[in-house]
Amino acid sequence: MKATVYFVVPSSGEIWGSTFLRGLQMCEVAKRHLGEHYDFQIIGMPMLRNRALGLANIPMQYLWAATRPSGAIYIVMKQCIEGLSSTAAEMLQSRARGVIFDYVDADMSRILMRGADIHLCASYAQYSYISERLNNNGVELMLHNYDARFEVLPAKTAGTLGTVYLGAIRNTYIPPNLREKVDIFEGSSYEDMNIQIDSIGGYNFHYCVRPPTVTRNQVIFKPFTKGATAAVCGANVLVNKETHDAVQLLGDDYPYLVDTLDDVLITEKFAAAEAGVGGADWQRAISVMAELAFQLSPEQAALKLHKILKPMSE
C-alpha cells in the first residue's frame, strides 16, 4: 500500500511563492515522478492569525492537528511553519508517520524546530547552520528547485547583452552607472511572476548581486533561486560571493562572480559580459549554468525527496 504524503499549505488560500514552488508545484512534479510509490496530496492548515500574541486560531489549530489522518507523512511549508504553534506541531507528529519541516528561507531565530522528524534545508548555507545546531540529527538538504513555468521559454544566449533583475529591488544593489542597463521585474508573489514569464525569456544575463543581509536578531539563509531561474532560462548571471550558495553552485572561477560588493568590480564584470557575449568565457559560464539547471530541476528535487521519504514509508 502506498504511503500518503501531504504537502501542508495555508487553508486561507493566501499562498507565498515558496509555498507555490515547494508545495503546490512540487506536489504535481512528485505525482508525475513518484506516483507509483506515494499518494501525494495537498492539505490546508489553519494559520495563527496573530503569531506575535499567539492567540486567535490556536484552538482551531489544535483541533486540526488532532484530527489529521494518522499514519501519513506531512511536509510542512515554510509559510505554515511560521504560523504553527509548537504544541500543534507535536500533536501532528504524534499522529503522523513522519513530519518534515521545509524551512526555505525562514527566520531560524524565531523557530523552535519542535515537532519535526526531518528538518529540510533549501540551501547549503542553511544546511550547515541547522546541522551544527542539531548535531546532524534529522537534517536533510534538498536544494531549492527552479520554477517549472520557465521551462517553456526559449534560451537567448547570443547577440547583444540583455540584462534583467527579478525580485524586490530592496534585495539587490545596482551601481548608479549600470541602472539604465538593467531592466527591473519587481514582483513578490507567484502571481506577479506569472504575468512576467513571457517577457523574461528575452534576456541572456540575470543580475543577481545581493548585499549582505543585515537584519537585527534574524537568522535567514536565502536559496539561490535567482540563479536557478537564470539557469532554466539558459542565461548567465552576475552575482557576488556573499550571495548564499553562489560559490558552491557556480564555482569560485565562474567568469561573472564578483569578489566583493564594490562598484568598480561590479562594473568591470558587467563590462566583461557585455563585450564577451558568445566568447570563450561566456560559453564556459553557459556550461556551468546548464549543469546548474539540471541540478536544480524539479525532477532532481523529486528524486531527492524520494530518498528522504523512503525510510519513513517502509
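Predicted model only: the values in this text are computed from it and were never measured.

S.K.: Can you tell me about the pattern of salt bridges, naming the residues and giving the values?
M.R.: Applying the stated criterion to the full structure yields 11 salt bridges. Between aspartate 259 and lysine 241 there is a salt bridge, with its nearest N and O atoms 2.9 Å apart. Highlighted residues: aspartate 259 in the loop between β11 (257-258) and α9 (263-275) and lysine 241 in the loop between β10 (236-240) and α8 (246-250), separated in sequence by 18 residues. Residue classification places aspartate 259 among the partly exposed residues on the basis of a relative accessible area of 46%. Here aspartate 281 makes a salt bridge to arginine 284, at a shortest N to O gap of 3.6 Å. Here arginine 284 and aspartate 281 lie together in helix α10 (residues 280-295), a separation of 3 residues that amounts to about one turn. You can call aspartate 281 partly exposed: its relative accessible area is 44%.

S.K.: Quick one: what's the story with the packing of aromatic side chains, residue by residue and with numbers?
M.R.: Per the stated rule, a full pass over the model turns up 11 aromatic pairs. Judged by centre distance (6.0 Å) and plane angle (55°), the ring pair of tyrosine 256 and tryptophan 282 falls under tilted. Taken together, the positions of tyrosine 256 in the loop between α8 and β11 and tryptophan 282 in helix α10 put the pair 26 residues apart, joining distant regions of the chain. Across the pair, tryptophan 282 and tyrosine 256 agree in class, each one buried. What links up through ring pairs into an aromatic cluster is the set Phe205, Tyr254, Tyr256, Phe270 and Trp282.

S.K.: Got a sec to walk through α9? Specific residues and values, please.
M.R.: Here α9 spans 18 Å end to end across 13 residues, near enough to the 18 Å set by a 1.5 Å rise per residue. All buried positions along α9 are accounted for by Ile266, Phe270 and Ala273. Down the axis of α9, the sector holding all buried residues measures 60°, keeping them to one side. Exposed residues on α9 whose side chains face more than 90 degrees from its buried face are Val264 and Ala275.

S.K.: For the sheet that holds strand β7 (residues 163-166), give the residues involved together with the corresponding values.
M.R.: Pairing between sheet strands relies on hydrogen bonds along the backbone, with the strands arranged either parallel or antiparallel. With respect to topology, 5 strands assemble into an open sheet ordered β8-β7-β9-β10-β11, the strand pairing being parallel. Single-partner strands in this sheet number two, and they are β8 (182-185) and β11. Note: β7 against β8, 4 bridges, orientation parallel. Its bridge partner being in β8, threonine 163 is matched across the sheet by valine 182. Running over the sheet, α10 touches β9 (205-207) and β10 and is turned about 85° from β10.

S.K.: Residue-level account of the pairing of strand β1 (residues 3-10), with values.
M.R.: Burial runs high along β1: 7 of the 8 residues are buried. In this structure, β1 lies alongside strand β2 (residues 38-45), joined through 8 bridges in parallel fashion. Residue pairing in the sheet places alanine 3 in a bridge with tyrosine 38 of β2. Crossover β1 to β2 through helix α1 (residues 17-34) is right-handed. Here β1 pairs with strand β3 (residues 73-76) via 4 bridges, running parallel. Bridge pairing in β3 places phenylalanine 7 opposite isoleucine 75.

S.K.: Just give me the short version of the packing of helix α2 (residues 58-66) against helix α4 (residues 86-95), but keep the residues and values in it.
M.R.: Taken N-terminus to C-terminus, the directions of α2 and α4 make an angle of 10°; their axes are 8 Å apart at the nearest point. Here α2 lies roughly parallel to α4, going by the angle between them. Taking contact as the criterion, the partners of Gln61, Tyr62, Trp64, Ala65 and Ala66 in α2 are, on α4, Thr87, Ala88, Met91, Leu92 and Arg95. Classifying every residue of the contact of α2 with α4 gives 7 nonpolar, 2 polar and 1 charged.

S.K.: Would you mind going over the sheet that holds β2 in detail, with residue names and values included?
M.R.: Read across the open sheet, the 6 strands follow the order β2-β1-β3-β4-β5-β6; overall the sheet is parallel. What marks the edges here is a single partner per strand, and that holds for β2 and β6 (139-141). Each neighbouring strand pair of the sheet contributes to a mean axis angle of 25°, computed without reference to strand direction.

S.K.: Any chance you could break down the environment of aspartate 263 for me, citing the residues and the numbers?
M.R.: As for its position among the elements, aspartate 263 is in helix α9. Taking the C-alpha atoms as reference points, aspartate 263 and histidine 244, 19 residues apart in sequence, are found 20 Å from one another. Excluding its chain neighbours within four sequence positions, the residues that come into contact with aspartate 263 are Tyr173, Pro175 and Pro176. Within polar-contact distance, the side chain of aspartate 263 engages the side chain of tyrosine 173 at 2.7 Å.

S.K.: Tell me about the nonpolar core, and please be specific about residues and values.
M.R.: The nonpolar side chains of a soluble globular protein tend to be buried, and buried together. By size, the foremost hydrophobic cluster in this structure holds 76 residues, and its most contacted members are Phe101, Tyr103 and Leu238. With 6 residues, α10 is the largest single contributor of residues to this core. Look past the residues within four positions of tyrosine 103 in its chain and what remains in contact with it is Lys78, Ile81, Met108, Ile111, Met113, His119, Leu120, Gln126 and Ile130. In this structure, Val5, Phe40, Ile75 and Ile100 belong to the second largest nonpolar core, which totals 27 residues.

Thresholds, definitions, all that
Note on numbering: residues in each chain are counted from 1, in written sequence order. Owing to the predicted nature of the model, reporting of local features is limited to residues with pLDDT of at least 70; listing and counting of side-chain atom pairs is limited to 80 or more, with chain, interface and lining totals taken over all residues. As a rule here, side-chain values cover all heavy atoms of the structure and leave hydrogens and water aside. For salt bridges, the criterion is a side-chain nitrogen of Lys or Arg within 4 Å of an Asp or Glu carboxyl oxygen. Helix and strand assignments come from DSSP, with helices taken as H or I runs of at least 4 residues and strands as E runs of at least 2, each series counted from the N terminus. For each residue, the accessible area found with a 1.4 Å probe, counting protein chains only, is set against the maximum for its type, and the residue is called buried under 20%, exposed over 50%, and partly exposed in between. Two rings belonging to Phe, Tyr or Trp (six-membered ring only in the last case) form a pair when the distance between their centres is within 6.5 Å. Interplanar angles under 30 degrees mark stacking, angles over 60 mark edge-to-face geometry, and anything in between is tilted. Between the first and last residue of a helix there are one fewer steps than residues, each counted as 1.5 Å, and that sum is the expected span. Taken from the helix axis, the directions to the C-beta atoms give the arc we talk about. The pairing criterion for strands is at least two bridges between them, as found by DSSP. Pairs of residues are marked as contacts when any of their non-hydrogen atoms sit within 4.5 Å. Fitted lines through C-alpha atoms serve as axes, helices being fitted only where they are in contact, and the angles separating the N-to-C directions of these axes extend from 0 to 180 degrees. Convention used here: a crossover is right-handed provided that the path from the first strand, over the helix, to the second strand proceeds clockwise when the strands point away from the viewer. Here the angle decides the label: under 35 degrees means roughly parallel, over 145 means roughly antiparallel, 65 to 115 means roughly perpendicular, and every other value means oblique. Gly is put with the polar residues, along with every residue not named as nonpolar or charged; the nonpolar set is Ala, Val, Leu, Ile, Met, Phe, Trp, Tyr, Cys and Pro, and the charged set is Asp, Glu, Lys and Arg. A 3.5 Å cut-off defines polar contacts: any pair of N or O atoms within that distance qualifies, except that in protein one atom must be a possible hydrogen donor and the other a possible acceptor, and neighbouring residues in sequence count only when both atoms are side-chain atoms. Residue types Ala, Val, Leu, Ile, Met, Phe, Trp, Tyr and Cys, when buried and joined through side-chain atoms within 4.5 Å, form a set referred to as a nonpolar core.

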